[in-house]
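# Residue-level structure breakdown
Here is what each chain is made of, one letter per residue.
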Amino acid sequence: RPEEDVVTNPPQIPEDSIDAYDPFVGLTTVLHQEVAILDDLVFRLVKTELLIEAREARFLGLAIDEIDDRAAELGEVELARAMAAQDAAMAVGLADDAPLSELVAHAEPALRGVLGDLQNRLRTLNEEIETITENGALTLRTRIDEARAAVAETQAMDVDGDYAAAISQSLARNLRG
């Protein structure tokens, strides 16, 4: 798709124009970084959701650590984005906290399309992350409830130790998939 070419391949600043810093080019660069991190975060969330559905609890800690690492990176990029957006807003006489849509409208025509595409991609990724996290939380709650019910059922049985151990092992195998 043409808009993904712009999103995945940020524009390069020509060497002879480095002295003439354009805050909108800086904003575009930071937005590209944010899109890349959000794309990777979506991948890691989907992977974690699949681990939960597959009942592969042994890998959940690693998956959650990866998500936490990307979330920390995202926080850093969001700070850079706020600073770049403030620079761009000041360059065109807008308020420091002007929304991205307003900045897009005031960008040079050459960057307006790129910034608009990035804005749309960010919106889509944020919606996707929201959906994944809501579905993942529901799946995780369901698995926890299933495990609790199975444990409660096992504890309620009046049986000797060997039989209870066999049931516990069977339960563990079933929860792993």
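Residues numbered from 1 in each chain as written. Predicted model: local features only at pLDDT ≥ 70, side-chain atom pairs only at ≥ 80, totals over all residues. Heavy atoms only, no water.

### Concerning the overall build of the protein
Secondary structure summary: the protein contains six helices and zero strands in total. Listing every helix and strand of the protein by position from the N terminus yields α-α-α-α-α-α. Split into buried and exposed, the 177 residues of the protein put 31% on the buried side. Accessible surface, the protein: about 11100 Å² in total, of which carbon and sulfur atoms supply 54%. (Helix = DSSP H or I, 4+ residues; strand = E, 2+ residues; numbered from the N terminus. Buried < 20%, exposed > 50% of the residue type's maximum accessible area, 1.4 Å probe, protein only. Areas by Shrake-Rupley, 256 points an atom, 1.4 Å probe, with all protein chains shown as cover.)

### Things to note about the confidence of the model for the protein
Averaged over every residue, the pLDDT of the protein is 79; residues scoring 70 or more account for 66%. Here helix H1 (residues 2–8) is the element of the protein with the lowest mean pLDDT, 53, and helix H4 (residues 100–106) is the one with the highest, 92. (pLDDT = per-residue confidence, 0-100.)

### A few points about helix H3 (residues 60–91)
Residue pairs three or four apart in sequence face the same way in an α-helix, which turns once every 3.6 residues. Along its 32 residues, H3 runs 46 Å from first to last C-alpha, staying within 8% of the 46 Å computed at 1.5 Å per residue. Those residues of H3 not exposed but buried are Leu60, Ala63, Ile67, Arg70, Leu74, Val77, Ala84, Ala85, Ala88 and Ala89. Where H3 is buried, its residues touch helix H2 (23–53) and H4. Gly93 sits one or two residues past H3 and shows a positive phi near 80°. (Expected span 1.5 Å × (residues − 1). Contact = heavy atoms within 4.5 Å.)

### With respect to the environment of Gly93
Tracing the chain through its elements places Gly93 in the loop between H3 and H4. Look at Gly93 and you get exposed, because its relative accessible area is 65%. Gly93 sits 13 residues away from His106 along the chain, and the two C-alpha atoms are 9.6 Å apart.

### What to know about the nonpolar core
Residues Leu27, Leu103 and Leu115 are the most contacted members of the largest nonpolar core, which totals 32 residues. Elements supplying a minimum of two residues to this core: H2, H3, H4 and helix H5 (109–156). Counting residues per element, this core draws most heavily on H2, at 11 residues. Here Leu115 is in contact with Phe24, Leu27, Thr28, Leu31, Val104 and Ala107, once residues within four sequence places are set aside. (Core = buried A, V, L, I, M, F, W, Y, C linked by side-chain atoms within 4.5 Å.)

### Section: unusual backbone geometry
Backbone geometry at Arg55 places phi at a positive 60°, although glycine is not the residue there. Residue placement: Arg55 occurs in the loop between H2 and H3. Residue class for Arg55 comes out partly exposed when judged on its relative accessible area of 24%.

### Some details on the side chain of Gln119
You can see Gln119 is positioned in helix H5. Once residues within four sequence positions are removed from consideration, Gln119 is found in contact with Leu100, Ser101 and Val104.

### A few points about the environment of Ile67
Residue position: Ile67 is located in helix H3. Note: C-alpha distance between Ile67 and Arg44 (23 residues apart in sequence) is 6.3 Å. Look past the residues within four positions of Ile67 in its chain and what remains in contact with it is Leu41, Arg44, Leu45 and Thr48.

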